[in-house]
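Structure at a glance
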Amino acid sequence: MTEIQSNNNLITQALNNQIKSSEINKTQIISPQIDKQEIKKDSFENTTSPKIITPKENSKAMKIFNGVLSTAFFLGLFFLPEILLGTFNKKNSKGLLNKYKNFKPAIGEFVTNQKQERLKNGNLKITLENIKDKFKYQEIIIGNNKGNIIQRILIKQEEMPNGKYITRLVKSYKGKNLINNAEIDKNEHKYLFKLFKRSKVQNKEYRTLVQNQNEPPKITRFFTTSNGKPVFRVKENEIQKENMAFLYSGDKCIGTDTQVIPKNNPDNQYNVLTIPSVNIRNKKYDPSRETKPYDTSLLKKFMQNF
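Thresholds applied
- Residues numbered from 1 in each chain as written.
- Predicted model: local features only at pLDDT ≥ 70, side-chain atom pairs only at ≥ 80, totals over all residues.
- Heavy atoms only, no water.
- Helix = DSSP H or I, 4+ residues; strand = E, 2+ residues; numbered from the N terminus.
- Buried < 20%, exposed > 50% of the residue type's maximum accessible area, 1.4 Å probe, protein only.
- Contact = heavy atoms within 4.5 Å.
- Areas by Shrake-Rupley, 256 points an atom, 1.4 Å probe, with all protein chains shown as cover.
- Polar contact = N/O pair within 3.5 Å; in protein donor to acceptor, adjacent residues only side chain to side chain.
- Salt bridge = Lys/Arg side-chain N within 4 Å of Asp/Glu carboxyl O.
- Core = buried A, V, L, I, M, F, W, Y, C linked by side-chain atoms within 4.5 Å.
- Pairing = 2+ DSSP bridges.
- Phe/Tyr/Trp six-rings, centres within 6.5 Å; stacked < 30°, edge-to-face > 60°.

Within the chain, the secondary structure is distributed over 7 helices and 13 strands. When burial is assessed residue by residue, the chain has 42% of its 306 residues classed as buried. Expressed as a percentage of contacts within the chain between residues at least 6 apart in sequence, the contacts between residues at least 24 apart total 40%. Split by element, the accessible area of the chain, about 18,200 Å² in all, is 49% carbon and sulfur.

Below is the structure:
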């Protein structure tokens, strides 16, 4: 029970009451029952020997064949011409074509959806998508006006029971040699610019890791509904600890109430309330002095979601 500091705060009172009422199960609020379903691993599939489905191999592939691109077709049709158009002469164009002829998307060469757009800074953004089973894999490629890939972003999402997706893994790579997948895998620490990883550790509980290059990782604990909607977040750093409750009206999250506990003075804790629909934004209040800062029905819904 040390996870939730106790005072007359509406959130902590409700949480601690919930803990007491469930003593029969010996279940604490931050220790849900272990999910007996298989926990899916956070990893991108090996694409060293990808399979390209053709209409001859699968009749269903005929219906989507126009949206499925091999590496060469993708580069020839969507990537290089936009960059080269009006920028390079034939000699340079030929050099870039040779440069990228062996490029392979990290999510595999079977692409179910793609789009491209020109960014405000002049760079070209290409998004590839591959849906397989309950996972959606995306690769975002950023190229500059000189025809060089300057960033690659890999995203893995898992489909929830309600059909929506929850992000499980994001890897952002930056560097001068982002063409060769084997090189990136071998020296990932050199190219990995930012990492986000969400791991399922128990039923309705996830642990997220966020790490920027050359910085220590930041770990946050999330508790969700069975459909992946956030309910409670526990975040901690060297200065303070934050317990954030997500407030719902029906199925819609309308705000948050965060309990902030300074480490150097735990008794001097306070709350920060945000409910945009009623124009409350980052309102700091003292739960020991103020009562009912919002409709208690929101708190009841919070406990139901828990």
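Still more to cover.
Looking now at unusual backbone geometry. Among all residues save glycine, negative phi is the norm, and among peptide bonds the norm is trans. Look at Asn214: it is not a glycine, yet its phi comes out positive at around 65 degrees. Mapping Asn214 onto the fold places it in the loop between β7 (205-212) and β8 (218-224). Not every positive phi belongs to a glycine, and Asn279 is a case in point at roughly 60 degrees.

Attention shifts here to the side chain of Glu205. Checked against the element boundaries, Glu205 lands in strand β7. Polar side-chain contacts of Glu205 include one of 3.2 Å to the side chain of Arg221.

In total, this model carries 9 salt bridges according to the counting rule given. For Glu188, the salt bridge identified is with Lys171, shortest N-O distance 3.1 Å. Of the two residues, Glu188 is situated in helix α6 (residues 188-191) and Lys171 in strand β5 (residues 165-174); the sequence distance between them amounts to 17 residues. Since its relative accessible area comes to 18%, Lys171 is described here as buried.

Looking at soluble globular proteins, one finds that nonpolar side chains tend to be buried together. Phe103, Leu128, Ile141, Ile149, Tyr173 and Leu178 are the most contacted members of the largest nonpolar core, which has 21 residues in total. Listed by contribution, the elements that provide at least two residues to this core are β2 (124-132), β3 (135-143), β4 (149-159), β5 and β6 (192-202). Excluding residues that lie within four positions of it along the chain, Leu178 makes contacts with Phe103, Ile149, Ile150, Gln151, Arg152, Tyr173, Ile184 and Tyr191. In terms of nonpolar packing, the next biggest core, distinct from the first, is built from 16 residues, Val231, Val234, Tyr285 and Tyr294 among them.

Topologically, Val201 is positioned in strand β6. On the basis of relative accessible area, Val201 is assigned to the partly exposed category, the value being 30%. A sequence separation of 20 residues divides Val201 from Arg221, and the C-alpha atoms of the two residues are 9.7 Å apart.

Before going further, it helps to examine the pairing of strand β11 (residues 252-262). Where a strand is regular, its side chains alternate between the two sheet faces. Burial within β11 is extensive, with 9 of its 11 residues counted as buried. Of the pairings in the sheet, the one linking strand β10 (residues 240-249) to β11 comprises 10 bridges and is antiparallel in character. By the bridge assignment, Asn243 is partnered in β11 with Gln259. Linking β10 back to β11 in an antiparallel pair, the connection comprises 2 residues, with Gly250 at a positive phi of about 70 degrees. Pairing of β11 with strand β12 (residues 270-275), which is carried by 5 bridges, proceeds in the antiparallel orientation.

Turning to the pairing of β12, a few remarks are in order. Most of β12 is tucked away, with 5 of its 6 residues classed as buried. Pairing between β12 and strand β13 (residues 280-285): 4 bridges, direction antiparallel. Its bridge partner being in β13, Ile275 is matched across the sheet by Ile280. Hairpin geometry of β12 and β13 is characterised by an intervening segment of 4 residues between the two adjacent antiparallel strands and by a positive phi of about 60 degrees at Asn279.

Let us look at the environment of Arg152. Relative to the helices and strands, Arg152 is located in strand β4. Since its relative accessible area comes to 2%, Arg152 is described here as buried. For the pair Arg152 and Tyr173, spaced 21 residues apart in sequence, the C-alpha separation works out to 5.2 Å. Of note is the side chain of Arg152, whose polar atom sits 2.7 Å from the backbone oxygen of Leu178.

How two aromatic rings sit relative to each other is given by the distance of their centres and the angle of their planes. With the rule as written, the count across this model stands at 6 aromatic pairs. Ring geometry for Phe223 against Phe232: centres 6.2 Å apart, planes inclined by 40 degrees, an arrangement best described as tilted. Since its relative accessible area comes to 0%, Phe232 is described here as buried. Seen in terms of ring centroids, Phe232 and Phe302 are 6.1 Å apart; in terms of plane orientation they differ by 50 degrees. Their pairing is tilted. Note that Phe232 is positioned in strand β9 (residues 230-236) and Phe302 in helix α7 (residues 296-305), a separation of 70 residues in sequence. A network of ring pairs unites the aromatic residues Phe223, Phe232, Phe302 and Phe306 as a single cluster.

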